[in-house]
Amino acid sequence: MTKTVRFAAEGGPEVLELVDVDLGAPGPGELRLRVEAIGLNRAEAMFRSGTYFERPDEFPAKLGYSASGTVEALGDGVGGFRVGDAISTVAGFSMRDYGVYGEAAIVPAAAVLRRPEGLDAIETVALWGPFLTAYGALVDEGHVRPGDFVLITAASSSVGLATIDVANHIGAVPIAATRTAAKKQRLLEAGAAHVIVTEDEDVTARTLEITGGRGAEFVFDAVAGEGVRALAGATAKGGTLVVYGALDTKETPFPLWFVPTMRLFNAFDLTMDPGRLARAEHFVRAGVRAGTFRPRLDRTFDLTDVAESHRHLEANGQFGKVVVTVAA
């Protein structure tokens, strides 16, 4: 039996329970992972609470996209891995079918990447999700160029910090937006060229000031909601406003009276396309080798404190990735 996190009804963090489950053997195209570290994602809190784009089709439900550990068993037809290999999962499956919160997990082998040399399980679980998202939005789809201004909301999140690194890596100019001044200095130290404190500054006016009046060529927004109106005003003519998250669960308007292109970024389009995922993997590994991509850890929790880890995540105070560790 394996201790695994399940929830019997949608709700707050208190619905998460650690229960004993018989995982069984991996099926064709799957492998079983002995979990060492789990990276928390906003999507999981939304899935748990019933506000995600998909909802559990049965209870008790599982959850979790990102985990690092070692291969424990291989299903039929799985090549390229051996028992004992250090690996990590990426969000390349539905949480209706798979989940990684637990001491072990069965996952599709197509959603597994090898651990980069020199990184441990905790660092790796803080690497892949954020940097694949940043690469996919800015480089693979966004075609951001050197010298372009990139405005990043929720900049102290793991994806926001990864986007700062990716922007600097390709020669773009990252502008970090954060709600309060408490994280301003840390964002500058993390590589932001400019920081806008939205509680004290108008994001549109300040972005135009920073960019000499033209606006940011690329705006990467994790919040959505009414705030996109101001972000559209901060976007350059011919630029792009990309929404990738929904921290504000209220309806998001489409500001037709502004010039910029506005669209959504869906990381699944990248992680579930083998060719695109392979290119993204090469890009991220190159950044790790060069020392320009740095997985950033906010805080760790033990698996037995998984409910508290979700409370911390939803308090919006983190700087980097929140990670749950699993005792050997």
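The structure this text deals with has already been given above.
A brief look at the structure comes next. (Residues numbered from 1 in each chain as written. Predicted model: local features only at pLDDT ≥ 70, side-chain atom pairs only at ≥ 80, totals over all residues. Heavy atoms only, no water.)

If you tally the helices and strands in the protein chain, you get ten helices and 15 strands. A compact globule built from 328 residues should have a C-alpha radius of gyration of about 20 Å, and the protein chain, at 20 Å, falls within 12% of that. By its C-alpha atoms, the protein chain is 60 × 40 × 35 Å across when sized along the principal axes. By residue count, 56% of the 328 residues in the protein chain fall in the buried class. Pairs at least 24 residues apart make up 64% of the contacts formed inside the protein chain by residues separated by at least 6 positions. For the protein chain, the exposed surface amounts to about 13,800 Å²; the carbon and sulfur share of it is 51%. For the protein chain, the distance from the average site of its 32 positive side-chain charges to the average site of its 42 negative ones is 4 Å. (Helix = DSSP H or I, 4+ residues; strand = E, 2+ residues; numbered from the N terminus. Rg over C-alpha atoms; globule rule 2.2 N^0.38 Å. Buried < 20%, exposed > 50% of the residue type's maximum accessible area, 1.4 Å probe, protein only. Contact = heavy atoms within 4.5 Å. Areas by Shrake-Rupley, 256 points an atom, 1.4 Å probe, with all protein chains shown as cover. Lys, Arg positive; Asp, Glu negative; His and termini not counted. Charge placed at Lys NZ, Arg CZ, Asp CG, Glu CD.)

Sheet strands pair by backbone hydrogen bonding; their relative direction is either parallel or antiparallel. If you trace the six strands from one edge of the open sheet to the other, you get β10-β9-β8-β11-β12-β13, paired in parallel fashion. Two strands in the sheet have a free side with no partner beyond their single neighbour: β10 (194-197) and β13 (261-264). Within this sheet the neighbouring strands show an average axis-to-axis angle of 20 degrees, counted without direction. Sheet strands touched by helix α6 (residues 203-210): β8 (149-152), β9 (173-178), β10 and β11 (216-221). Its angle to β10, the strand with the most contacts, is close to 160 degrees. (Pairing = 2+ DSSP bridges. Axes fitted to C-alpha atoms, helices over the stretch in contact; angles between N-to-C directions.)

With that settled, consider the pairing of strand β3 (residues 30-39). Of all ten residues making up β3, eight are buried, and the element is well covered by its neighbours. Bridge analysis of β3 against strand β6 (residues 104-108) gives five bridges, and the strand direction is antiparallel. Its bridge partner lying in β6, Glu30 is registered against Pro108. When β3 meets strand β4 (residues 66-74), the two strands line up antiparallel, connected through eight bridges. Within the sheet, the bridge partner assigned to Ala37 lies in β4 and is Ser68. Here β3 runs beside strand β15 (residues 321-325); their pairing, made up of three bridges, is antiparallel. From the neighbouring strand, Ile38 faces β15, where its bridge partner is Val324.

A separate point is the packing of aromatic side chains. This model, assessed by the stated rule, comprises 13 aromatic pairs. With a centroid separation of 6.2 Å and 90 degrees between ring planes, the pair formed by Phe47 and Tyr52 is classed as edge-to-face. For the residue pair Phe47 and Tyr52, the accessibility class agrees, reading buried in each case. A ring pair is formed by Phe220 and Tyr244, whose centres lie 4.1 Å apart and whose planes are at 20 degrees; its orientation type is stacked. (Phe/Tyr/Trp six-rings, centres within 6.5 Å; stacked < 30°, edge-to-face > 60°.)

This next bit is on helix α3 (residues 128-141). For an α-helix the count is 3.6 residues per turn, leaving residues at separations of three or four pointing the same way. In the structure, α3 departs most strongly from a straight axis at Tyr135, where the bend amounts to approximately 30 degrees. In terms of burial, α3 is a largely internal element, eleven of the 14 residues being buried. Along α3, the residues classified as buried are Trp128, Pro130, Phe131, Leu132, Thr133, Ala134, Tyr135, Gly136, Ala137, Leu138 and Asp140. Directly after α3, the chain includes His143, whose backbone phi takes a positive value near 50 degrees. (Bend = angle between axes of the 7 residues up to and from the residue.)

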